[in-house]
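One-letter residues, chain by chain:
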Amino acid sequence: MQTSQVKALSTKLIWRFSLFNIILFVALIIWLWQETEAVSVIQPQLPADGKLQCVSYSPYYNPGQTPLDQNSFIQPAQIDQDLSVLSKQFNCVRIYSVSQGLGYVPEAASKLGMQVYLGAWIGWVSANNDKELDLAISIANKYPKTVKALIVGNEVLLRGEQSEVAMQEYLLKAQQLTEVPVTYADVWEFWRKHPQLESNVDFVTVHILPYWEDDPQAIGQATQHVVNVMGLLKETFKKPILIGETGWPSVGRQRQVSEPSLINQASYLRGFLQLAHDNGWQYNLIEAIDQPWKRDLEGTVGGYWGIYDTELTPKFAFSGDVQPRNDVGTIVLAGLLGFALLIGLAFYFRVGDKYFKLGLSAAGTVFGISVWLQTQYLISACRNVLEWATLGGFALVGWLTVITLVVYVCQSNKRYLLILKICALILVYAAISATALLIIDGRYRDFPISLFALPVLQLSFASILLGVEVRMKRVFAYVLSVVLVMAALYSVYLEAYNISAYCWLMLSGLLALALLPKHQLSTH
């Protein structure tokens, strides 16, 4: 018959374990309650038909679809289906190219009574630019009532792919060969750097994206930032101004005080719409549908600017309260599965203490919910097989850490302790690697807090308060701890206004402390 290690634990250690996990459970439930509670958001004044002016439309939302692949082609049937959905919410769509099948968009839009801002993509290669612009001009001339304007180039000067003189030549060609209005689109700062381009366009098309500013804007100041920028632009330009892109991401890494979330996305877009109504602005929102391929260029956040998800389901309505999460059923199921797993371990190891069972119940529920939240993070963040292997591997190590720790507390065994030490070592190396990437390429890297939070909290608690010895050799442990904490401190220095950086520093500090305890779990 197996003898439970719990029977040999002191009452104090049992209470510590149980109380710690109950506190984690309560904290998680409070957070989830806040995350699932409907939020009251500004109600903008909408047109009588409820339709918004215009939205950026890119049909590259299915697996494998990307404009970066020259062989990618969007079938007319998909465009018809997409615009049929969008026509219920918008009067117009903006496209950025006429290649890869997108030249069909004006024809599809005309059937639905929609209009199109037709884009001609201008890049590095002159021959490709000429071919693209010629096709765009011919389409604009074929559908003059549908095409609101021809947008020649998108953020070309920002990317540095053509000179101002070259852009003037492309714009002049478009104006000479088509009767529809012609414009150029770029971020507002670059329009102010190249004000002379105004003479080559019928109206000025600017992008104002508070999240991506060099000085990222908090959601509370984001719409006022747009007001301030529009004030500057009206002082600079005499011709009409179209806000060609503005929006907010629903998922992704925080940039200083600028935080992606569904509530923030709804708040920004609704607030902007009210300002547009009050000021008579012409606008195009970014964007219609989430674009997974953009994660390769901009990190996780790039894929989640859509008003609709990749299933063409709207993320929120433009009236009424907004529900930040709609997965309560899945959360409950995940919690029950985690509860069943650890209670099953309690029965297997013949745990008799009711307080310890209570602690295991709380720990199991938290573990199950954590697994679900981590899975959501992996789905949103992983862009390729390598990232699924590495980030998914870190998640598995974290799960193994929590389960092994519970087993070790239930039945002290050197084999389980060895597994814990290996897990701790992997987590430390993973945390150091993640922090290095945040320092080197932080603009497009996420703080992987959800993958590390539970295993680090459990490991540090067991090490510091239960005396579970997981440290490596003394010098090795100190070196790893110092490297991790110093790197995390530097990431805080780089992003002093980002709460995620401070959370990551806290987890790094706890993980470092977990390597340093000197007392093993007492069996007496």
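Just so it is clear, the structure is predicted and the values come from calculations on it, not from any experiment. (Residues numbered from 1 in each chain as written. Predicted model: local features only at pLDDT ≥ 70, side-chain atom pairs only at ≥ 80, totals over all residues. Heavy atoms only, no water.)

**Q** Help me get a handle on the overall build of the protein, residues and values and all.
**A** In terms of helices and strands, the protein carries 18 helices and eight strands. For the protein, the spread of C-alpha atoms along the three principal axes comes to 90 × 45 × 40 Å. For the protein, the proportion of its 524 residues judged to be buried stands at 55%. For the protein, long-range pairs separated by at least 24 residues make up 74% of all intrachain contacts whose partners lie at least 6 apart in sequence. Of the roughly 23000 Å² of accessible surface on the protein, a fraction of 61% belongs to carbon and sulfur atoms. (Helix = DSSP H or I, 4+ residues; strand = E, 2+ residues; numbered from the N terminus. Buried < 20%, exposed > 50% of the residue type's maximum accessible area, 1.4 Å probe, protein only. Contact = heavy atoms within 4.5 Å. Areas by Shrake-Rupley, 256 points an atom, 1.4 Å probe, with all protein chains shown as cover.)

**Q** So, the packing of helix α14 (residues 385–410) against helix α16 (residues 449–465): which residues are in play, and what are the values?
**A** Helix-helix packing is described using two parameters, namely the angle between the two axes and the distance between the axes. It is the contact of α14 with α16, at a shortest axis distance of 9 Å, that shows an interaxial angle of 30 degrees. Considering the angle they form, α14 stands roughly parallel to α16. For α14 against α16, the interelement crossing comes out left-handed. Only Leu451, Leu454, Pro455, Gln458, Leu459 and Ala462 of α16 make contact with α14, whose side of the interface consists of Leu391, Ala395, Gly398, Thr401, Val402 and Leu405. Looking at the contact of α14 with α16 residue by residue, the class counts come to nine nonpolar, three polar and no charged. (Axes fitted to C-alpha atoms, helices over the stretch in contact; angles between N-to-C directions. Parallel < 35°, antiparallel > 145°, perpendicular 65-115°, else oblique. Left-handed = near helix turned anticlockwise from the far one by under 90°. Nonpolar A, V, L, I, M, F, W, Y, C, P; charged D, E, K, R; others polar.)

**Q** Tell me about the packing of helix α17 (residues 474–494) against helix α18 (residues 499–514), and please be specific about residues and values.
**A** α18 packs onto α17 with a crossing angle of 170 degrees between their chain directions and a minimal axis gap of 9 Å. The angle between α17 and α18 falls in the class roughly antiparallel. Within the contact between the two elements, α17 uses Ser481, Leu484, Val485, Ala488, Leu489, Ser491 and Val492 and α18 uses Ala501, Tyr502, Trp504, Leu505, Ser508, Gly509, Leu511 and Ala512. Class assignment of the residues belonging to the contact of α17 with α18 gives a composition of 11 nonpolar, four polar and no charged.

**Q** Outline the packing of aromatic side chains, supporting the account with residue identities and numerical values.
**A** Taken as a whole and assessed by the stated rule, the structure comprises 19 aromatic pairs. Ring geometry for phenylalanine 20 against phenylalanine 461: centres 4.0 Å apart, planes inclined by 0 degrees, an arrangement best described as stacked. Here phenylalanine 20 is found in helix α2 (residues 11–36), whereas its partner phenylalanine 461 is found in helix α16, with 441 residues between them in sequence. Where tyrosine 268 meets phenylalanine 272, the ring centres are 6.3 Å apart and the plane angle is 20 degrees; that geometry is what we call stacked. Separated by four residues within a single helix, tyrosine 268 and phenylalanine 272 lie in helix α10 (residues 262–279), roughly one turn from each other. Using a relative accessible area of 0% as the deciding quantity, one classes phenylalanine 272 as buried. Ring pairs connect the aromatic residues Tyr211, Trp212, Trp248, Tyr268, Phe272, Trp281, Tyr283, Trp305 and Tyr444, which therefore count as one cluster. The side chain of lysine 193 reaches across the aromatic face of phenylalanine 190, ending 4.4 Å from its centre. Above the plane of the ring of tyrosine 211 lies arginine 255, whose end atom (NZ or CZ) is 5.8 Å from the centre. (Phe/Tyr/Trp six-rings, centres within 6.5 Å; stacked < 30°, edge-to-face > 60°. Lys NZ or Arg CZ within 6 Å of the ring centre and 35° of its normal.)

**Q** Run through the state of the cysteines, naming residues and quoting values.
**A** Per the stated rule, a full pass over the model turns up one disulfide. A disulfide bridge connects cysteine 54 with cysteine 92, and the sulfur atoms are separated by 2.2 Å. Here cysteine 54 and cysteine 92 share a disulfide; its torsion about the S-S bond, -50 degrees, makes the bridge left-handed. A residue pair is termed long-range when its members are at least 10 positions apart, and cysteine 54 in the loop between α2 and β1 (55–56) and cysteine 92 in strand β2 (residues 92–94) qualify at 38 residues. Cysteine 410 provides the cysteine sulfur closest to cysteine 423, a residue in no disulfide bond, and the two sulfurs are 16 Å apart. Overall, the relative accessible area of 3% leaves cysteine 423 in the buried class. (Disulfide = S-S within 2.5 Å.)

**Q** Got a sec to walk through the nonpolar core? Specific residues and values, please.
**A** Judged by nonpolar contacts, the single largest core of 88 residues is most densely connected at Leu83, Leu118, Leu150, Phe272 and Leu285. Sequence-distant contacts of leucine 150, that is, excluding residues within four places in its chain, are made with Leu118, Ala120, Leu133, Ala136, Ile137, Ala174, Thr178, Val180, Pro181, Val182 and Thr183. Counting residues in each nonpolar core, the second largest holds 70 residues, with Ala381, Ala424, Ala488 and Ala514 among its members. (Core = buried A, V, L, I, M, F, W, Y, C linked by side-chain atoms within 4.5 Å.)

**Q** How would you sum up a nonpolar patch on the surface? Please name residues and give values.
**A** On the surface, a nonpolar cluster with roughly 260 Å² of combined accessible area is contributed by Val328, Val332 and Leu336. Note that leucine 336 resides in helix α12 (residues 328–348). Take leucine 336: its relative accessible area is 51%, and that puts it in the exposed class. (Patch = residues over 30% accessible without salt bridge, like charges linked within 9 Å, V, L, I, M, F, W, Y side chains within 5 Å. Salt bridge = Lys/Arg side-chain N within 4 Å of Asp/Glu carboxyl O.)

**Q** Break down the environment of valine 397 for me, with residues and values.
**A** On the secondary structure map, valine 397 appears in helix α14. If sequence neighbours within four positions are ignored, valine 397 has contacts with Cys423, Ile426 and Leu427.

**Q** Talk me through the side chain of serine 97; I want residue IDs and the actual numbers.
**A** Its place among the elements puts serine 97 in the loop between β2 and α4 (105–112). Polar contacts involving the side chain of serine 97 include one to the main-chain amide nitrogen of serine 99, which spans 3.0 Å. Within polar-contact distance, the side chain of serine 97 engages the side chain of glutamate 132 at 2.8 Å. Residues in contact with serine 97, not counting those within four places in the same chain, are Leu102, Gly119, Trp121 and Glu132. (Polar contact = N/O pair within 3.5 Å; in protein donor to acceptor, adjacent residues only side chain to side chain.)

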